[in-house]
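Residue strings, one per chain:
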Amino acid sequence: MNNRYDVFNKLCLRQVSLSEHSSYGIGGDADYYAMPETVEQLLTILDVCRTYGMEFFVFGMGTNVLFPEQPKRGTLYVSLKNFADFRINGTKWFVSSGMPLSMLSLAGLTSGTSQFQFTYLLPGCLGAGIYMNAKYLDDQMGSKIETVHYVDLSDPTLSLQTIRAEDCQFSYKHSIFQHKPWIIIGAEIPISEYDEPIQGGMSEIIRKYKLLNGKLSSLSMFYRFFTYEIQELQNKQFAIPAPMRNIDRYRTGNRHFEYRSCGSFFKNNYNAGASIGALVDKLNLKGTSRGGAVISPYHGNMILNLNRATASDILYLKDTVSEAIHRHYGFIPEPEVVIVQ
Ligand SMILES: Cc1cc2nc3c(=O)[nH]c(=O)nc-3n(C[C@H](O)[C@H](O)[C@H](O)COP(=O)(O)OP(=O)(O)OC[C@H]3O[C@@H](n4cnc5c(N)ncnc54)[C@H](O)[C@@H]3O)c2cc1C
């Protein structure tokens, strides 16, 4: 048998519950599921899918996707969350797309740069952080990177391409990647302030992350992992900066890691003069429930899986919010969570 089919068959697991790979904890059994660890493995998967005409869906940690109860038959779901390389080259980092965003804040701490503090406890991986232009307060991923490497699926040879950040059309929760058949492989990140990184510091943390084999789609495990690792760094004399302590306070205060969710369900529409969360609050929709799902009592723009919610429970509440906002404020809010069919 041809080697690439061997590799493909080895990587492709059968009947895997997508609920274990999404922070919503929702999703039925996928016929096929894979977690490639290298670009070569990813390219082999894409190539074999193309040869067989097999459909696939590529994602990261699953903290911004709602999977269906009945995934499409014969589709391969590919999570890149084990594709987590981190290389330091002078004043540049190369980071692969499966690296947790939060890891960048720890790497910043050990390298003496503050530019990634905002990613502390921000769920998800770098690839989707670029795809979504993930942000916290005034900081966003698009303004931190220099170049992005990607595979263009419309290219028959699946060759690797590079695009500069200024050509990525970054704006609020938007990038060019949302409109192209491109899979992000990784990015070069220039580091402004810089100390000699401590030897072995990050590689040991990344090694421990990989040993978890994709378990950090669970928000409680995600929180435990990163707060433990930052405590360890503190024990090694790295003071935790105030902005990172504030992030922990803000996110735990809003119960981000206590309940299953995908964070904010809708993108804000600032033309409306208030955030979606504030509008939901004004409309008295907080606490509205359906089946096992509820509109968070703590943050109006979050729909929580409180107790074995189904995808249709979540979608029902999404429609409830959309319709009420349309009726009272005249626009239909755009979901930020990617609803996988
Ligand atoms: C509790 C909580 C709090 C959150 N807070 C914030 C916040 O403050 N700010 C913020 O911006 N977001 C926030 N989010 C949303 C989420 O953290 C980000 O959107 C993150 O970037 C998603 O990463 P992921 O790897 O989980 O993406 P996934 O959910 O796995 O994927 C999201 C989308 O990206 C696409 N994608 C993933 N990887 C690639 C790739 N390599 N190439 C091409 N496309 C890709 C997928 O196809 C999918 O369409 C929060 C989520 C949670 C659960």
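Residues numbered from 1 in each chain as written. Predicted model: local features only at pLDDT ≥ 70, side-chain atom pairs only at ≥ 80, totals over all residues. Heavy atoms only, no water.

**Digging into the overall build of the chain**
Put simply, the rule is: For helices the rule is a DSSP run of H or I covering at least 4 residues; for strands it is a run of E covering at least 2, with both sets numbered from the N terminus onward. Each radius of gyration is computed over the set of C-alpha atoms, and the globule rule expresses the reference value as 2.2 Å times the number of residues to the power 0.38. Working definition: with a 1.4 Å probe on protein chains only, accessible area under 20% of the residue-type maximum means buried, over 50% means exposed, and in between means partly exposed. Note on contacts: a residue pair qualifies if any of its non-hydrogen atoms lie within 4.5 Å across the two residues. In these tables, accessible area is a Shrake-Rupley quantity obtained with a 1.4 Å probe, and a residue counts as shielded only by the protein chains included in the view. We treat Lys and Arg as the positive residues and Asp and Glu as the negative residues; His and chain ends play no part in the count. Charged groups are reduced to one reference atom each: NZ for lysine, CZ for arginine, CG for aspartic acid, CD for glutamic acid.
Across its full length, the chain holds 9 helices and 16 strands. For the chain, whose C-alpha radius of gyration is 20 Å, the value lies close to the compact-globule estimate of 20 Å for 341 residues. Each principal axis of the C-alpha distribution contributes one length, and for the chain these read about 55 × 50 × 35 Å. Counting over 341 residues, the chain shows a buried share of 55%. When contacts within the chain are restricted to residue pairs at least 6 apart in sequence, long-range pairs at least 24 apart make up 65% of them. Counting every atom, the chain has about 15,300 Å² of accessible surface; 48% of that belongs to carbon and sulfur. For the chain, the separation between the mean place of its 32 positive charges and that of its 32 negative charges on side chains is 5 Å.

**What to know about the domain arrangement of the chain**
Quick note on the threshold: Either an automatic procedure or a domain database provided the assignment from which the domain bounds are taken. Note on definitions: buried area is the accessible-area loss of two parts on being combined, 1.4 Å probe, summed for both. Here a salt bridge means any side-chain nitrogen of Lys or Arg lying within 4 Å of a carboxyl oxygen belonging to Asp or Glu. Two N or O atoms form a polar contact when they lie within 3.5 Å of each other; inside protein one atom must be a possible hydrogen donor and the other a possible acceptor, and for residues adjacent in sequence the pair counts only when both atoms belong to side chains.
By domain assignment, the chain separates into domain 1 (3-79), domain 2 (86-253) and domain 3 (270-339). If you average the C-alpha positions of domain 2 and of domain 3, the two centres end up 28 Å apart. Taken residue by residue, the interface counts 4 residues in domain 2 and 4 residues in domain 3. In total, about 360 Å² of surface goes out of reach between domain 2 and domain 3, with carbon and sulfur atoms giving 55% of it. Summed over the shared surface of domain 2 and domain 3, the result is 1 salt bridge. The partner of Lys173 in a salt bridge is Glu336, and the shortest N-O contact between them spans 2.9 Å. One can count 1 residue pair in polar contact (both at pLDDT 80 or more) joining domain 2 with domain 3.

**As for the pattern of salt bridges**
Counted under the stated rule, the structure contains 14 salt bridges. Salt-bridge contacts for Lys286 lead to Asp281; the nearest nitrogen and oxygen are separated by 3.6 Å. Note on Lys286: relative accessible area 29%, which makes it partly exposed. Under the relative-accessibility criterion, Asp281 is labelled partly exposed at 39%.

**Notes on the nonpolar core**
To be explicit about the condition: Residues grouped as a nonpolar core are buried Ala, Val, Leu, Ile, Met, Phe, Trp, Tyr and Cys residues, joined through side-chain atoms within 4.5 Å.
Trp93, Met103, Ile130, Met141, Ile145, Phe177 and Phe226 are the most contacted members of the largest nonpolar core, which has 53 residues in total. Of all the secondary structure elements, the ones that give two or more residues to this core are strand E7 (92-96), helix H3 (101-111), helix H4 (126-131), strand E10 (147-152), strand E12 (182-190), helix H5 (201-211), helix H6 (219-235) and helix H7 (242-253). Judged by nonpolar contacts, the second largest core, of 24 residues, contains Ala274, Ile276, Leu279 and Ile303.

**Brief notes about the site of the ligand**
Our working rule: A molecule or strand has a residue near it when one of that residue's heavy atoms lies within 4 Å. Just so you know the grouping, Ala, Val, Leu, Ile, Met, Phe, Trp, Tyr, Cys and Pro go in nonpolar, Asp, Glu, Lys and Arg go in charged, and all remaining residues, Gly too, go in polar.
In the neighbourhood of the ligand, 37 residues make up the surrounding shell, with Val58, Gly60, Thr63, Pro123 and Lys135 lying closest. Pro123 places a polar main-chain atom, nitrogen or oxygen, 2.5 Å from an oxygen atom of the ligand. Here an oxygen atom of the ligand and a side-chain polar atom of Arg251 are 2.9 Å apart. For the ligand, whose unbound accessible area comes to 980 Å², protein coverage reaches 95%. Elements that contribute at least two residues to the shell around the ligand include exactly strand E3 (56-59), H4, strand E8 (135-136) and E12. Class assignment for the residues of the shell around the ligand results in 21 nonpolar, 12 polar and 4 charged. Three or more residues apiece are contributed to the shell around the ligand by two domains, here domain 1 (3-79) and domain 2 (86-253).

**Section: the pairing of strand E2 (residues 29-34)**
We apply this condition: Two strands qualify as a pair provided DSSP detects at least 2 bridges between them.
In this structure, strand E1 (residues 13-17) lies alongside E2, joined through 4 bridges in antiparallel fashion. Opposite Val16, over in E2, you have Ala30 as the bridge partner. Both E2 and strand E5 (residues 76-79) contribute to a ladder of 3 bridges, which runs parallel. Counted as the bridge partner of Ala34 is Val78 from E5.

**Looking at the packing of aromatic side chains**
The description of an aromatic ring pair rests on the distance of the ring centres and on the angle between the ring planes. Basically, it comes down to this: Centre distance within 6.5 Å is the pairing criterion for rings of Phe, Tyr and Trp, where only the six-membered ring of Trp is used; planes under 30 degrees apart are then read as stacked, over 60 as edge-to-face, and the remainder as tilted. Think of it as a cone above the ring: NZ of Lys or CZ of Arg counts as a charge over the ring if it is within 6 Å of the ring centre and within 35 degrees of the ring normal.
Counting across every chain of the model gives 20 aromatic pairs. Here the aromatic rings of Phe59 and Phe67 are separated by 5.1 Å at their centres, their planes lie at 75°, and the arrangement is edge-to-face. Accessibility classification places Phe59 together with Phe67 in one group, the buried group. Taking 5.7 Å as the distance between ring centres and 65° as the angle between the ring planes, the aromatic pair formed by Phe177 and Trp182 counts as edge-to-face. Three or more aromatic residues joined by ring pairs make a cluster, and in this case those are Tyr209, Phe222, Tyr223, Phe225, Phe226 and Phe257. Here the guanidinium or amino end of Arg290 rests over the ring plane of Tyr316, the centre of that ring lying 3.8 Å away.

**Here's the deal with unusual backbone geometry**
One non-glycine residue, Leu121, adopts positive backbone phi at about 60°. Among the structural elements, Leu121 can be located in the loop between H3 and H4. Taking the relative accessible area as the measure of exposure, Leu121 reaches 0% and is therefore buried. In the Ramachandran plot, Asn213 falls in the positive-phi region, its phi being about 50° despite a non-glycine side chain. With respect to the secondary-structure elements, Asn213 resides in the loop between H5 and H6.

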